[in-house]
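# Per-entry structural report
Each chain, written out:
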Amino acid sequence: MTPAERFDPDRLIATACDETGYDDFGDGPGLEGWRSGLQRLTDGLVNEARLSDIGVEVAHLDVMRALKNRLDVIAWRTANPEIATKPVTAPIVIVGQPRTGTTILFDLLAQDPDLRAPLTWEVDAPCPVPRPETYHTDPRIAQAQASIELSEQIIPGFMAFHPMGALVGQECVRITASAFTSMIFSTQYRLPSYYRWLLYDADHTAAYRFHRIFLQHLQSGVPGQWLLKSPAHLWQLEALFAEYPDALIVQTHRDPLNVISSIAALAHHLRRMASDESSVAECAAQSYEEIAVGLDREMAARDSGVFPKDRVIDVLFRDFIGDPWATIGDIYRKLGRELLPETAQKMRDFLAAHPGDGGRGRYTWSDTGLDADEVRERVSAYQDRYGVPTETLR
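Presented here is a report on the structure given in the accompanying data block.

Calculation rules
Residues numbered from 1 in each chain as written. Predicted model: local features only at pLDDT ≥ 70, side-chain atom pairs only at ≥ 80, totals over all residues. Heavy atoms only, no water. Core = buried A, V, L, I, M, F, W, Y, C linked by side-chain atoms within 4.5 Å. Buried < 20%, exposed > 50% of the residue type's maximum accessible area, 1.4 Å probe, protein only. Helix = DSSP H or I, 4+ residues; strand = E, 2+ residues; numbered from the N terminus. Contact = heavy atoms within 4.5 Å. Expected span 1.5 Å × (residues − 1). Disulfide = S-S within 2.5 Å. Axes fitted to C-alpha atoms, helices over the stretch in contact; angles between N-to-C directions. Left-handed = near helix turned anticlockwise from the far one by under 90°. Pairing = 2+ DSSP bridges.

### A word on the nonpolar core
- Ranked by size, the top nonpolar core spans 53 residues in total, and within it Leu 45, Leu 51, Leu 67, Phe 180 and Tyr 189 carry the most contacts.
- Elements supplying a minimum of two residues to this core: helix H2 (9-20), helix H3 (34-47), helix H4 (53-79), helix H10 (183-188), helix H11 (192-201), helix H14 (256-271), helix H15 (280-304) and helix H20 (380-386).
- A total of eight residues in this core trace back to one element, the largest contributor, which is H4.
- With sequence-adjacent residues up to four places away left out, Leu 45 is seen in contact with Phe 7, Leu 51, Ala 59, Val 63, Tyr 189 and Leu 191.
- If you look at the next biggest cluster of nonpolar residues, it comprises 27 residues, including Val 88, Leu 218, Trp 226 and Phe 241.

### Comments concerning H15
- Over its 25 residues, H15 extends 35 Å from the first C-alpha to the last, a length consistent with the 36 Å expected when each residue adds 1.5 Å.
- After H15 finishes, the residue Gly 305 shows a positive phi value of roughly 75°.

### Details of unusual backbone geometry
- In the segment running from Cys 127 into Pro 128, the intervening peptide bond is cis, with an omega of 0°.
- With respect to the element layout, Pro 128 can be found in the loop between helix H6 (120-124) and helix H7 (139-154).
- With phi around 55°, Arg 50 is a residue other than glycine that occupies positive phi space.
- You can see Arg 50 is positioned in the loop between H3 and H4.
- Given a relative accessible area of 38%, Arg 50 falls into the partly exposed group.
- In the Ramachandran plot, Ala 90 falls in the positive-phi region, its phi being about 45° despite a non-glycine side chain.

### Observations regarding the state of the cysteines
- Applying the stated criterion across every chain yields a total of zero disulfides.
- The thiol of Cys 127 is unpaired, and the distance to the nearest cysteine sulfur, on Cys 17, comes to 15 Å.

### What about the packing of helix H5 (residues 102-109) against helix H17 (residues 324-335)?
- At a minimum axis distance of 12 Å, the contact between H5 and H17 shows a crossing angle of 65°. Judged by the twist between their axes, the crossing of H5 over H17 is right-handed. Along its contact with H5, which presents Leu 105, Leu 108 and Leu 109, the element H17 presents Trp 325, Ile 328, Ile 331 and Tyr 332.

### Section: the pairing of strand S3 (residues 225-229)
- Of all five residues in S3, four are buried, a share of seventy percent or more.
- When strand S1 (residues 92-96) meets S3, the two strands line up parallel, connected through three bridges. Along S3, the bridge assignment pairs Ile 92 with Leu 227.
- Two strands pair when backbone bridges link them, and strand S2 (residues 115-116) and S3 are joined in this way by two bridges, in the parallel orientation. By the bridge assignment for S3, Leu 115 is matched with Gln 225.

Quick look at the structure:
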């Protein structure tokens, strides 16, 4: 079967329906558009992604998981209509450019037992609904961990770039993948047409609507105040607040130039899992365009008054890395929460077990092929606004 046949949307949809036994994708008001996103994604996978034979299989699994999860969640919700009556209240959402400490901050805050992060295993396999009594022993945990370890075997060093685990928090882009309006695809695969559509033309409203449906699904089994994270929210703050007007935002800030070279190296590493043809420079060009647009859009969203200024907490990467405990203490104070000693100790234990390696030379600015002076000028307004220090380029 050719890639064009493997990624034919009608074939994918029919297969997902056959494998789940359901055919309702939730096409009601506010949830339209996913088929258009699927079409754009599959077009890109066939014509632009330069997939290897292994890449075809990896991408096919990603698309099928997104389709089947959507079918499963909608079917569960239809059978249990009370799920839709439970609100998602005051989620805490970590946003910021990629590679600015969002992941480790997310992981540390997730040690708070009063906060509820969506874990990788339940995001990847949400049905049946997770239950408190088996939340850390569910057999889906081992399955998710095995999948992560397989990725490491295909591309050694993958976990060093972006640590993952079945029992740690997962990004929101993995949830919105089922709306097919998600940066997860255009980071993992070479999809120039898709990423530009996503950046400039796509309506993200339905993706955030499905995101709420997914959170309601998970919280019906294991409740709690949501702690969420994704750099992708930076580009869509208006859509985020339209869906969650009581959201609390923690935004991380770092020199965009080192961000661009770091995310370019990560994207290149990810794409090598699915393609024998990838370049850091091409990844960097995409990253530069996305970061520049994202920072402009974020500043404009704040200026527009779409959300109250007191609902955003700004965190400088330099301050967080220099003294994470002072930063976390400040976040808790601004959130009006008490950081209990036992919670602080859990955070310290987690950091001791996951110290990170500071990048270890995995990326350099020279690999990007970009003009540093041009990029610096482009992002200067952002740095000036938030007092983001210029770093030595790696």
